[in-house]
Amino acid sequence: MTSISRSTRSTRSTRSTRSTRSARTTRTRRIAPVVATVAAAFVLAACGGDGGGHEGSHGAASASATDPAGPAGNEAGEQAHNAQDVAFAQGMIPHHRQALEMARLAADRSATPEVADLAARIEKAQDPEITTMTGWLRTWGEEVPESTGSRSGMDHSAHSGMPGMMDGQDMAELEKASGRAFDTKFLTMMVEHHEGAVEMAGTEKAKGRYAPAKALADDIVTAQQAEITEMNGLLGKD
């Protein structure tokens, strides 16, 4: 009986040990997938958060850099100007004013319809450009050149050093001329005047920043180069 009792106890102990091990193994197997799932979810959440944050930051930066409707886009692209833009407007306004004064003399002095027509076209083109450039200067808070002095209200001596500008003596001689003498003097002076305007406009195109001013400069170059060719033809220089 003693031997059987011991055997029975040993068997029970063995079964209990196996049962405990089996239960532990089962619980371990059940817990492991849960832990793995939680860990994976944590990793994915962390990665997703990092990726989303990077993408969001990059997307915002890209939108800021490419969106011209933003405050920086408006300031840099549409309203920004530099000292060259100011100098261009302040110089071209009196330059245009002198061209208008010369053109208006042609109405009752020219002997040829071609010269009278050219003078009318010059006035029609340049008068609105003076208004445009005056508006820019006022918007920028810059000084607008005043009209003082001669018949047209312009002091020619104040701008005689500007490319293509005539001095007071040149303008007085043109005003006294008439007929074909006027036409020859007018065309000769206006060619030089246009060449000066083209030079000034070229500087604006190269160094200016304000887009509308650069566009106007381009228009001036195109139109006045064509008129130079026309005037040289009328002078017999083509």
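About the criteria used
Residues numbered from 1 in each chain as written. Predicted model: local features only at pLDDT ≥ 70, side-chain atom pairs only at ≥ 80, totals over all residues. Heavy atoms only, no water. Helix = DSSP H or I, 4+ residues; strand = E, 2+ residues; numbered from the N terminus. Buried < 20%, exposed > 50% of the residue type's maximum accessible area, 1.4 Å probe, protein only. Contact = heavy atoms within 4.5 Å. Areas by Shrake-Rupley, 256 points an atom, 1.4 Å probe, with all protein chains shown as cover. Expected span 1.5 Å × (residues − 1). Salt bridge = Lys/Arg side-chain N within 4 Å of Asp/Glu carboxyl O. Axes fitted to C-alpha atoms, helices over the stretch in contact; angles between N-to-C directions. Parallel < 35°, antiparallel > 145°, perpendicular 65-115°, else oblique. Left-handed = near helix turned anticlockwise from the far one by under 90°. Nonpolar A, V, L, I, M, F, W, Y, C, P; charged D, E, K, R; others polar. pLDDT = per-residue confidence, 0-100. Phe/Tyr/Trp six-rings, centres within 6.5 Å; stacked < 30°, edge-to-face > 60°.

Engineer: Honestly, the overall build of the protein in this entry has me stumped. Any pointers?
Structural biologist: When its secondary structure is counted, the protein shows seven helices and zero strands. Of the regular secondary structure in the protein, the N- to C-terminal order runs α-α-α-α-α-α-α. Buried positions account for 32% of the 238 residues belonging to the protein. In the protein, the proportion of contacts linking residues at least 24 apart, taken out of those at least 6 apart, comes to 77%. As presented, the protein carries roughly 14300 Å² of accessible surface, and 53% of it is formed by carbon and sulfur atoms.

Engineer: What's the story with helix α4 (residues 113-140) in this structure? I'm lost.
Structural biologist: Since the α-helix packs 3.6 residues into each turn, any two residues three or four apart lie on the same face. For α4, spanning 28 residues, the distance from its first C-alpha to its last is 41 Å, which sits close to the expected 40 Å at 1.5 Å a residue. Looking at α4, one finds that the buried residues are Val115, Leu118, Ala119, Ile122, Gln126, Glu129, Ile130, Met133, Thr134, Trp136, Leu137 and Trp140. Buried-residue contacts for α4 involve α3 (83-105), α6 (179-207) and α7 (211-234). Positive backbone phi, at 75°, marks Gly141, one or two positions downstream of α4.

Engineer: How should the pattern of salt bridges be read in this particular structure?
Structural biologist: Should their charged atoms come close, side chains of opposite charge can pair. Under the defined criterion, the tally for this structure stands at six salt bridges. Here Arg121 ties to Glu230 by a salt bridge, and the two come within 2.6 Å at their closest N and O atoms. Of this pair, Arg121 sits in helix α4 while Glu230 sits in helix α7, and the two are 109 residues apart along the sequence. When its relative accessible area of 32% is taken as the criterion, Arg121 is described as partly exposed. A relative accessible area of 28% means that Glu230 is categorised as partly exposed. Three or more residues joined by partner-sharing salt bridges are found here, namely Asp117, Arg121 and Glu230.

Engineer: How should the packing of α3 against α6 be read in this particular structure?
Structural biologist: Each pair of packed helices can be described by the angle between their axes along with the distance between the axes. Where α3 meets α6, the closest approach of the two axes is 10 Å, and the angle between their N-to-C directions is 165°. Overall, the two elements α3 and α6 adopt an arrangement that is roughly antiparallel. Along this stretch, α3 crosses α6, giving a crossing that reads as left-handed. Taken together, the residues of α6 that come into contact with α3 (itself represented by Gln84, Asp85, Phe88, Gly91, Met92, His95, Gln98, Ala99, Met102, Ala103 and Leu105) are Phe182, Phe186, Met189, Met190, His193, Gly196, Ala197, Met200, Ala201, Thr203, Glu204 and Lys207. Class assignment of the residues belonging to the contact of α3 with α6 gives a composition of 13 nonpolar, seven polar and three charged.

Engineer: For this particular structure, what's the right way to read the confidence of the model for the protein?
Structural biologist: Any region with low pLDDT has predicted coordinates that should not be read closely. Residues of the protein with pLDDT of at least 70 account for 61%, and the chain-wide mean is 76. Low pLDDT, under 50, characterises residues 22-29; the predicted model gives this stretch zero contacts beyond four residues in sequence or across chains. Low confidence marks residues 31-75, where pLDDT is under 50. Its contacts with residues over four positions away, or in another chain, come to seven contacts.

Engineer: When you look at the packing of aromatic side chains in this model, what are you seeing that I'm missing?
Structural biologist: To describe a pair of aromatic rings, you give the distance between the ring centres and the angle between the ring planes. If you walk through the whole model with that rule in mind, you get four aromatic pairs. For the ring pair Trp136 and Trp140, a centre distance of 6.3 Å and an interplane angle of 25° mean the geometry is stacked. Linking Trp136 with Trp140, this pair stays in helix α4, spanning four residues, or about one helical turn. This pair shows no difference in class: Trp136 is buried, exactly as Trp140 is.

Engineer: In this structure, what is going on with the packing of α3 against α4? I would like to understand it.
Structural biologist: Running from N to C, α3 and α4 cross one another at 150°; their axes reach a closest spacing of 9 Å. What the angle tells us is that α3 and α4 run roughly antiparallel. Viewed along their axes, α3 and α4 form a crossing whose handedness is left-handed. When grouped by side-chain class, the residues that make up the contact of α3 with α4 number 15 nonpolar, four polar and six charged.

Engineer: What am I meant to see in the environment of Met190 here?
Structural biologist: Structurally, Met190 can be placed in helix α6. The buried category is assigned to Met190, whose relative accessible area is 0%. Setting aside its immediate chain neighbours within four residues, Met190 contacts Ala99, Met102, Ala103, Ile122 and Met231.

Engineer: Sorry if this is basic, but what is going on with the environment of Asp219 here?
Structural biologist: Relative to the assigned elements, Asp219 resides in helix α7. Residues Asp219 and Ala201, 18 residues apart in the sequence, show an inter-C-alpha distance of 8.9 Å.

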